[in-house]
Amino acid sequence: MQGFLDIFDIYLLEAVINGILLGGVLALLALGLNLIFGVIDVTWICYAELVMIGMYAMYFIVQVYGLSYFVAAPFTILLVALLGAALHYLVIAPLLTAPPINQLLATGGVLFVLQSFATVAFGIDFRNLGIRLPVLAFGDMNFSYARLLSFLAALVGMVAVYLFMTRTFTGTAIRAISQDRQIMALMGVDTRRIYLITSALGGALAGLAACLLVLQYDVHPFVGLSFGPITFLICVLGGLGNFIGGFIAAFVFAEIISLGGLFSDLEWGYVLAFAFFIVMMFIRPAGLLARRR
């Protein structure tokens, strides 16, 4: 009996640590989506599809053009940042004064456009980057190097965004606009420029997430469905536009998914996470740490 408990404790600890590693990537995704909503006040339903495009970019740069992963990553981040800026300029900017439902429908339409484009251009085959990373054995526990690398890179990315937001004039302007858009416009701040920069920064975070997720997921046109809905629920649970709330919610969701997968299939972990979200919407409908307006 004692031996069984010891084995169970090891599996439990391994699941908790894997939840932390998963939470880092989910927090990075939530940061990008929350940043855009917090500043521009528009929810990008198509955010996960930007990640999908970035994953395809990584695949073709590495597999077709033969560049190394670490050379391909900066190109991919830049590409998705430009895609984010183009999305704002072409789709979001004309709808800034439109009702929120029109904005949601527009970004939802972009979601289907990007999925359809990827299906036509690349087919529905599952593609793999072909990089096999070893497994780290720590005692009786095993951890994927891909998840460890993703967690560390996501942490570095979030710290870099924090420093940008707190140590630069543009970052300060972004935070100021997120608190009061009307007043900052009256003070002479070019809100259109800030919105464009914010969209590019959100796209860059999606590009970074693509570079990390391509190590763990096969690439196909609908890969965004694997993490897009959960990212949106994390942002809602944390309070849309609330960075700290999204960060906490990401790790809460990740632990529920990981621990749920310990006692049953991984799919049941996602079921439990969705059930937890529904319950919390009755208890705190505005989110764990809803931003005051």
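An unreviewed UniProt entry lists the protein under the name Branched-chain amino acid ABC transporter permease, from Bradyrhizobium frederickii. What UniProt states about the protein under its Sequence similarities (unreviewed entry) heading is, verbatim, "Belongs to the binding-protein-dependent transport system permease family. LivHM subfamily." What the UniProt record of the protein gives under Subcellular location (unreviewed entry) is the line "Cell membrane".

Draft legend 1. Quick look at the UniProt feature "transmembrane region" (unreviewed entry) in the protein. In this structure's numbering, the residues bearing the UniProt feature "transmembrane region" (unreviewed entry) are residues 15–37, 44–62, 68–92, 104–124, 144–165, 194–215 and 270–290. For residues 15–37, the end-to-end C-alpha separation is 32 Å, with 100% helix and 0% strand making up the annotated structure. A helix fraction of 95% and a strand fraction of 5% characterise residues 144–165, whose end C-alpha atoms lie 32 Å from each other.

Draft legend 2. Broad picture of the nonpolar core. Counting 80 residues, the largest nonpolar core has Trp44, Tyr47, Met55 and Phe227 as its most contacted members. Among the elements that take part in this core, helix H1 (residues 2–40) stands out by supplying 14 residues, more than any other. Excluding residues within four positions of it along the chain, Tyr47 makes contact with Leu29, Gly32, Leu33, Ile36, Gly202, Leu205 and Ala206.

Draft legend 3. Just helix H8 (residues 191–213), in detail. With 23 residues, H8 should reach 33 Å at 1.5 Å per residue; the first-to-last C-alpha distance of 32 Å fits that figure. Within H8, 18 of the 23 residues are buried, which leaves the element mostly enclosed by the surrounding structure.

Draft legend 4. Spotlight on the packing of helix H2 (residues 47–64) against helix H3 (residues 69–92). Here H2 crosses H3 at 145 degrees, and the two axes come no closer than 9 Å. Where H2 crosses over H3, the handedness of that crossing is right-handed. Residue-level inspection shows Leu50, Ile53, Gly54, Ala57, Met58, Ile61 and Val62 of H2 in contact with H3, the latter providing Tyr69, Ala72, Ala73, Phe75, Thr76, Leu79, Val80 and Leu83. Among the residues forming the contact of H2 with H3, the class breakdown is 13 nonpolar, 2 polar and no charged.

Draft legend 5. Fine view of the pairing of strand S2 (residues 141–144). Every second residue of S2 is oriented toward a common face, the buried set being Met141 and Phe143 and the non-buried set Asn142 and Ser144. Note: strand S1 (residues 135–138) against S2, 4 bridges, orientation antiparallel. Residue pairing across strands places Phe138 opposite Met141, the latter belonging to S2.

Draft legend 6. Quick look at the environment of Val51. Along the chain, Val51 falls in helix H2. A relative accessible area of 0% means that Val51 is categorised as buried. Residues Val51 and Pro74, spaced 23 residues apart in sequence, show a C-alpha to C-alpha distance of 14 Å. For Val51, the residues in contact, after removing those within four places along its chain, are Leu29, Ala206, Ala209, Ala210, Leu213 and Phe227.

Draft legend 7. Main features of the side chain of Arg127. Relative to the helices and strands, Arg127 is located in the loop between helix H4 (100–122) and S1. A polar side-chain atom of Arg127 sits 2.5 Å from the main-chain carbonyl oxygen of Phe122. Ignoring sequence-local partners within four residues, the contact set of Arg127 consists of Tyr56, Tyr59, Phe60, Phe122, Asp218 and Val219.

Draft legend 8. Highlighting unusual backbone geometry. With phi around 65 degrees, Asp41 is a residue other than glycine that occupies positive phi space. Among the secondary structure elements, Asp41 is positioned in the loop between H1 and H2.

Draft legend 9. Looking closely at the environment of Gly84. Among the structural elements, Gly84 can be located in helix H3. Residues Gly84 and Tyr47 lie 37 residues apart in sequence; the distance between their C-alpha atoms is 8.9 Å. Residues within four places of Gly84 in sequence aside, it is in contact with Trp44 and Ser199.

The rules behind each value
- Residues numbered from 1 in each chain as written.
- Predicted model: local features only at pLDDT ≥ 70, side-chain atom pairs only at ≥ 80, totals over all residues.
- Heavy atoms only, no water.
- UniProt positions renumbered as here; feature names shortened; annotations may be inferred.
- Helix = DSSP H or I, 4+ residues; strand = E, 2+ residues; numbered from the N terminus.
- Core = buried A, V, L, I, M, F, W, Y, C linked by side-chain atoms within 4.5 Å.
- Buried < 20%, exposed > 50% of the residue type's maximum accessible area, 1.4 Å probe, protein only.
- Contact = heavy atoms within 4.5 Å.
- Expected span 1.5 Å × (residues − 1).
- Axes fitted to C-alpha atoms, helices over the stretch in contact; angles between N-to-C directions.
- Left-handed = near helix turned anticlockwise from the far one by under 90°.
- Nonpolar A, V, L, I, M, F, W, Y, C, P; charged D, E, K, R; others polar.
- Pairing = 2+ DSSP bridges.
- Polar contact = N/O pair within 3.5 Å; in protein donor to acceptor, adjacent residues only side chain to side chain.

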